[in-house]
Amino acid sequence: MKNNVTIKDVAKLAGVSISTVSRVINDSKPVTDEVKQRVLDVIKETGYVPNPLARSLVTKKSNLLGVIVPEMSDSFVSEVVNGIECVAKMYGYDILLANTYSEKDQELKSIELLKAKQVEGIVMISWTLDEDHIELINNSSIPAAYISKTAQKFDVYTVCTNNEDATYNMTKYLIDKGHKDIALIMTSEADTILESERRSGYERALTENDINLNQDLIKYGNTDYNSGYKAMMDLLDKNIKPDAVFVTGDEAAIGAINAIFDKGYKVPEDISVAGYNNSKLSKIYRPKLTTVGQPLYDMGAVAMRMVIKIINGDALEEKKFVLPYEIVERESVIDRK
């Protein structure tokens, strides 16, 4: 039999109509057991593979889910995507991944592309989610869940942790270890709810422990290594040497550690460093990084489960799913007491 077997070939060999073959493949309408077995035998003998697009038109299911990410090489993103992909496979879905490099135009194009590919749902990871993204997805009637610093501003399905509490507790942890001059390097310059919550947690911990807020100790950057390195260098170049530095992203925290080393200081002997996320990098870098542990895999898994539940018409009690965090103690923080 020729390699490119068609549904017409299967129908002819089985002695049935094309529509009957379609019913057997898609299990859309009943046929007799004898006819069904005959068709299945022909499919097995010929190696016929149904056209997925044609099948989706019949079943109204593509078994495709879209995932939009800002930067696949980012350690936060890659670990979240692992959770997304695992749950998708568990439920029999394939993933279409769109890497946007944090460019809004590319994010919007990716939404349109996934719509054209007839995905049944979308998980979107975006550093800066706004009304344009949400409106485009809503107008497409595609179920979606979001993991984003700015998602909490909107009435959407989202997965997060309690950023205010986490930042408060890490700052307090550093204070309890005897640190008073604690720098905060924020991994975003945007005025978002997330940044506001993290700064609020930092300031609350200082206030409760009678430590004056020093604006010179607060720097802004981005999530990547170079941003953390530059922010730390800016502090040290101004002869500002804090007891500890809390960086709200692990990659940026590692950049800060290298800036400290390049200035001739040691971590944690001279300056303690704490990060945020508990990504794989935090476990393998030296010194191993003390960090706020977010369940990155679980964030992706929960977001995907939310989307699949919406697709299946299952009820969701909450639109905002808050996952627990932990303070992960490692080598980059010293006890100064």
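Let me sum up the structure you'll find in this document. (Residues numbered from 1 in each chain as written. Predicted model: local features only at pLDDT ≥ 70, side-chain atom pairs only at ≥ 80, totals over all residues. Heavy atoms only, no water.)

**With respect to the sheet that holds strand β7 (residues 218-220)**
In any sheet, the strands associate via hydrogen bonds between backbone groups, in a parallel or an antiparallel arrangement. Stated formally: We treat two strands as partners when DSSP finds at least two bridges between them. Working definition: helices are DSSP H or I runs of at least four residues, strands are E runs of at least two. Numbering for both runs from the N terminus. In this analysis, axes come from line fits to C-alpha atoms, helices being fitted only over the stretch in contact, and the angle between any two N-to-C directions falls in the range 0 to 180 degrees. Pairs of residues are marked as contacts when any of their non-hydrogen atoms sit within 4.5 Å.
The mixed open sheet is built from six strands, whose spatial order is β7-β6-β8-β9-β10-β12. Of all strands in the sheet, those with a lone pairing partner are β7 and β12 (326-328), marking the two edges. Shown here is a sheet whose adjacent strand axes are inclined to one another by a mean of 20°, direction ignored. For strand β8 (residues 244-247) and strand β9 (residues 272-277), the ladder comprises three bridges, and the chain directions are parallel. If you follow Val245 over to β9, its bridge partner there is Val273. Taken strand by strand, helix α9 (residues 193-208) contacts β6 (182-186), β7 and β9, and its axis lies near 175° from that of β6.

**What about the pattern of salt bridges?**
For clarity, the threshold we go by: Note on definitions: salt bridges are taken to be side-chain nitrogens of Lys or Arg within 4 Å of carboxyl oxygens of Asp or Glu. Buried, partly exposed and exposed residues are distinguished by accessible area as a fraction of the type maximum, computed with a 1.4 Å probe on protein chains only: under 20%, between the cut-offs, and over 50%, respectively.
With the rule as written, the count across this model stands at 14 salt bridges. Of the charged contacts, one joins Glu329 and Lys177 as a salt bridge, the two residues approaching to 3.8 Å between their closest N and O atoms. Of the two residues, Glu329 sits in the segment after β12 while Lys177 sits in the loop between α8 (163-176) and β6, which places them 152 residues apart along the sequence. Put simply, Lys230 and Asp234 hold a salt bridge, and the shortest N to O gap is 3.2 Å. Separated by four residues within a single helix, Lys230 and Asp234 lie in helix α10 (residues 225-237), roughly one turn from each other. Judged by its relative accessible area of 52%, Lys230 is exposed. In the salt-bridge network here, residues are joined through shared partners; they are Glu164, Asp165, Arg204 and Glu208.

Structural measurements only, silent on function.
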